[in-house]
Amino acid sequence: MKATVAVIRCENYQIENVRVAVQRGIQLLGGVSAFARAHEKILLKPNLLSGSRPEKLVTTYPTVFQAVAEVFKATGANMFYGDSSGMGSLERVARQAGIKEVADNLGIRPADFQTVAPVSFPGALLAKQLRLAAAVLEADGIISIAKMKTHGFTRITGAVKNQFGCLPGLQKAEFHVKMPDVYDFSRVLVDINSYLKARLRLFIMDGIVAMEGNGPSGGEPAAMKVLLFSTDPVALDAVFCRLIDLDPEFVPTMKFGEESGLGVYKPDEIQIIGDDIEPLINKNFQVVRRPPERLASARSFPTFLKNRISPRPVINYERCINCGNCVQMCPVTPKAVDRPDGDKNKKPIYDYKRCIRCYCCQEICPEKAITIKIPLLGRLIY
Ligand code: SF4
Ligand code: SF4
């Protein structure tokens, strides 16, 4: 059977327009009763990567969250929301992103994304032990509301990657250290989704204004004017790829998602319903159109060569405000980005020999001061 993805055009973030689009998308997939019933515990999982204002487009836009929340609230379900943000408490990040106010107005409570719940997953592609946020396991159903963005590590951050936030913050960092290779990391992303498959009921993607270029936090706005809906996160991400003219084979979660039975990604396996996709395709969308560089592929290279070919984060010191977020976020010990001599007055610098290229520092930088660059030698090889 084919996977179904509803493509719904939405011109802007005005709540009236978003409400119509969200209701239409959910209706096309069978209506909200297909995804939630009264008294069930339903977790809304937006992208709350960092405490950025909505107009920065790092997080799920508040009116998208609102329109989805209103639809599910009307079922009589017991609603809560949360995400494991890169930095700061859920409430602080949600307040800055404009989500908390919406949730408070609708009586939707914040979830516990601090408490760790260990689980075993013998059927995993790679991560046979996972340490999830307790709130995720408390939920009868999860509605994942991803943001359409690029990502320096995994090419895109979409429906599958949104569930990385189901790991509490420290666990996320730990996984980056354990899985520095993007292909291993992508297997883990698929494992998290596969483990939660029975709970993950609906995937929605906010692509009204997407982020292109230096995503997932330092990119530029790209008005894609679209919301996507599906019960298959792999198929949804494949349609995202089609919208930005990116070969889905360049996104490792596609093949691993298919291999594990999580979803499908080939065009003849996906039925698109709703609006005509063709006028929404943006072939000029700024995204890296080649497979992710395999840091571990450089295993065959000596270390000094590996550092000369692997894409690396680079700080633009004119933009850097020396907030220290990148230092705090860096998961390796000793830090691969740090202030010289520990002097808080000095801006951070990199030690690329220690850097595992997880790009967490780039993700969390509030000033778009960190970009991913391929060294000259790497450009000749990749
Ligand atoms: S997170 Fe960005 S702005 Fe803050 S210290 Fe690091 S590079 Fe500078
Ligand atoms: S410096 Fe940045 S990319 Fe390198 S390990 Fe630290 S957070 Fe990851």
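Residues numbered from 1 in each chain as written. Chains lettered and ligands numbered in written order. Predicted model: local features only at pLDDT ≥ 70, side-chain atom pairs only at ≥ 80, totals over all residues. Heavy atoms only, no water.

**Observations concerning the domain arrangement of the chain**
- Once the domains are mapped, the chain shows domain 1 (3-280) and domain 2 (295-381).
- For domain 1 and domain 2, the distance between their C-alpha centroids amounts to 27 Å.
- On the domain 2 side, the residues contacting the 21 residues of domain 1 number 21 residues.
- Between domain 1 and domain 2 lies a buried interface of about 1700 Å² when both sides are counted; carbon and sulfur atoms form 57% of it.
- Of all residues in domain 1, the largest losses of buried area upon contact with domain 2 belong to M87, H176 and N214, amounting jointly to 30% of the total for that side.
- For the pair domain 1 and domain 2, the number of links is 1 salt bridge.
- A salt bridge links K368 to E220; its shortest N-O distance comes to 3.9 Å.
- Broken down by element, the residue count for the side of domain 1 that touches domain 2 peaks at 3 residues, all from helix α6 (residues 169-178).
- Within the side of domain 1 that touches domain 2, the residues separate by chemical class into 7 nonpolar, 10 polar and 4 charged. (Domains from an automatic or database assignment. Contact = heavy atoms within 4.5 Å. Buried area = accessible area lost by both parts, 1.4 Å probe. Salt bridge = Lys/Arg side-chain N within 4 Å of Asp/Glu carboxyl O. Helix = DSSP H or I, 4+ residues; strand = E, 2+ residues; numbered from the N terminus. Nonpolar A, V, L, I, M, F, W, Y, C, P; charged D, E, K, R; others polar.)

**A few points about the site of ligand 1**
- The immediate surroundings of ligand 1 are formed by 13 residues, with C320, C323, G324, C326 and C365 found nearest.
- A class-by-class count of the residues in the shell around ligand 1 yields 9 nonpolar, 3 polar and 1 charged. (Near = heavy atom within 4 Å.)

**Considerations on the packing of helix α2 (residues 62-73) against helix α4 (residues 99-106)**
- Following both chains from N to C, one finds α2 and α4 inclined at 20 degrees, their axes separated by 9 Å at the closest point. When the axis of α2 is compared with that of α4, the two are roughly parallel. In the crossing of α2 with α4, the sense of the turn from one axis to the other is right-handed. Contacts between α2 and α4 involve P62, F65, Q66, A69, E70 and K73 from the former and I99, V102, A103 and L106 from the latter. (Axes fitted to C-alpha atoms, helices over the stretch in contact; angles between N-to-C directions. Parallel < 35°, antiparallel > 145°, perpendicular 65-115°, else oblique. Left-handed = near helix turned anticlockwise from the far one by under 90°.)

**Remarks on the packing of aromatic side chains**
- Inspection of the entire model under this criterion finds 7 aromatic pairs.
- A centroid spacing of 5.9 Å and a plane angle of 75 degrees characterise the contact between F153 and Y359, whose relative ring orientation is edge-to-face. Linking F153 in the loop between β7 (141-151) and β8 (155-157) with Y359 in the loop between β14 (349-350) and α12 (360-364), this pair joins segments that are 206 residues apart in sequence. Accessibility assignment for this pair places F153 and Y359 in one class, buried. (Phe/Tyr/Trp six-rings, centres within 6.5 Å; stacked < 30°, edge-to-face > 60°. Buried < 20%, exposed > 50% of the residue type's maximum accessible area, 1.4 Å probe, protein only.)

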